[in-house]
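Chain and residue survey
Each chain is listed here by its residues.
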Amino acid sequence: MTSPNPPNRIDYLRISLIDRCNFQCVYCMPEGADLQYALKEHWLTHDEILQLLREVFIPLGFTRFRLTGGEPLLRPGIVELVRAIAQLPQTEDLAITTNGFLLADLAQPLYEAGLRRINISLDSLNAETFQQIIGGRGRSRWQDVWRGIQTAHKVGFSPLKLNVVVIPGINDHEVLDLAALSIEQEWHVRFIEFMPIGNDTLFGSKGWIDSESIRAQIRDRWGIKTSSIKGNGPADVFQITGAKGTIGFISQMSECFCDRCNRMRLSADGLLRPCLLNENGQIDLRTSLRNGIPLSKIREQVAVLVNEKPEINFKMRESGVTGAYSRTMSQIGG
Ligand code: SAM
Ligand code: SF4
């Protein structure tokens, strides 16, 4: 069976730098999580990541990279790694997705290292609700994250995107307050549908909210129009009337966008997978590298996976958005 649509150009690699995190968000990690983290010695080293980019991904046409995790700012030497990737002549786009907790200190060095695009998770404007979402006891970390966002803004990151996962009964009452952050500043607030990956218990008890009902609330309050500002990814982008920024909707539950998907994912321990929800076909680049498999051979294996991706996507679309996965978003690299 072949895909009915011409395949997308697959040129975007999401690189997870670490599978550990300093938060334990209720939607991302299973309750009482005793996750099996990758051994540190299995993390791809900076040199291995750069070697894979130079010798494998860039020659295959990849030019856009996003660093993620777990929490990528926990990765030792993150600033140097950012600098090295930003300096590769073929890098057209380099971005990071972070929970923002360490950003107040790191925003300036990361900017100076060449990073320009940043996505920060912010699921609530209320310190208590925020703490409830990210787990952990003691002082709320909301202030630290907010300080990180303000610093990133001052330093000049653009676009600055704020990711919100909306969970019924937890933060859905804040949708309008969060959307309002896009009015005064050129900030891009993106609502992500909650996926049953990470915490099945929470998903089973709370369910999820579809993008259209969030959009309807915002439309009723202010009016919205389709935005001409588009990102690289799957978000549908709108603008509140008169706003400087945008609101985006990532609707992977209500609308399967597998046929628009242009990305591959590299985990911290070197597994390359063609799809977030599907482990089929993944290849172990770390073992290949460390066993001395020639880079030309690794490139061939990756090229096969890249060519098969539209077919894998098509099968995913046909079967609905459910797949075989044994890792959480923090482990795969969300
Ligand atoms: N730690 C960083 C952060 O939180 O931004 C980067 C990694 S995190 C896994 C990347 C993104 O995945 C975050 O925006 C997070 O909200 C999202 N995410 C995690 N679990 C999710 C789930 N079950 N459904 C939808 N989005 C999820
Ligand atoms: Fe939360 Fe990101 Fe950490 Fe998952 S990886 S627990 S979404 S901060």
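Our subject is the structure that appears above.
Residues numbered from 1 in each chain as written. Chains lettered and ligands numbered in written order. Predicted model: local features only at pLDDT ≥ 70, side-chain atom pairs only at ≥ 80, totals over all residues. Heavy atoms only, no water.

1. Observations concerning the site of ligand 2
All residues adjacent to ligand 2 are C21, F23, Q24, C25, Y27, C28, M29, G70, N99 and S330. When its residues are assigned to classes, the shell around ligand 2 shows 6 nonpolar, 4 polar and no charged. (Near = heavy atom within 4 Å. Nonpolar A, V, L, I, M, F, W, Y, C, P; charged D, E, K, R; others polar.)

2. A few points about the environment of E48
Topologically, E48 is positioned in helix α1 (residues 46-57). Since its relative accessible area comes to 12%, E48 is described here as buried. In this structure the C-alpha to C-alpha distance between E48 and R286, which are 238 residues apart in sequence, comes to 8.2 Å. The contact partners of E48, leaving out residues within four places of it in the chain, are W43, L289 and R290. Of the polar contacts made by the side chain of E48, one reaches the backbone nitrogen of T45; its length is 2.9 Å. (Helix = DSSP H or I, 4+ residues; strand = E, 2+ residues; numbered from the N terminus. Buried < 20%, exposed > 50% of the residue type's maximum accessible area, 1.4 Å probe, protein only. Contact = heavy atoms within 4.5 Å. Polar contact = N/O pair within 3.5 Å; in protein donor to acceptor, adjacent residues only side chain to side chain.)

3. Description of the pairing of strand β9 (residues 246-250)
Of all 5 residues in β9, 5 are buried; the element is thus mostly enclosed. Side chains T246, G248 and I250 of β9 all project onto a buried face; the interleaved residues I247 and F249 project onto the opposite face, where all are buried too. Sheet analysis places strand β6 (residues 187-192) next to β9, joined by 5 bridges and oriented parallel. Each residue of the ladder has a partner; that of H188, found in β9, is T246. Relative to β9, strand β8 (residues 236-240) runs antiparallel, the two sharing 3 bridges. Bridging from a neighbouring strand, V237 pairs with G248 of β9. The turn linking β8 back onto β9 is made up of 5 residues, and G242 within it adopts a positive phi angle of 80 degrees. (Pairing = 2+ DSSP bridges.)

4. Structural notes on the sheet that holds strand β11 (residues 271-273)
An order of β7-β8-β9-β6-β5-β4-β3-β2-β1-β10-β11-β12 is seen for the 12 strands of this open sheet, with the pairing classed as mixed. At either end of the open sheet lies a strand with only one pairing partner, and these are β7 (224-226) and β12 (283-284).

5. Points about unusual backbone geometry
The residue after S158, namely P159, is reached through a cis peptide bond having omega 0 degrees. One can find P159 in the loop between α5 (142-155) and β5 (160-165).

6. Focus: the packing of aromatic side chains
Evaluated as defined, the whole model comprises 9 aromatic pairs. Arranged with centres 6.0 Å apart and planes meeting at 80 degrees, the rings of W146 and W187 form a pair that is edge-to-face. Of this pair, W146 sits in helix α5 while W187 sits in strand β6, and the two are 41 residues apart along the sequence. When sorted by exposure, W146 lands in the same class as W187, which is buried. Of the aromatic side chains, those joined through ring pairs into one cluster are F23, F101 and F130. Against the face of F101 rests R141, its NZ or CZ located 4.9 Å from the ring centre. (Phe/Tyr/Trp six-rings, centres within 6.5 Å; stacked < 30°, edge-to-face > 60°. Lys NZ or Arg CZ within 6 Å of the ring centre and 35° of its normal.)

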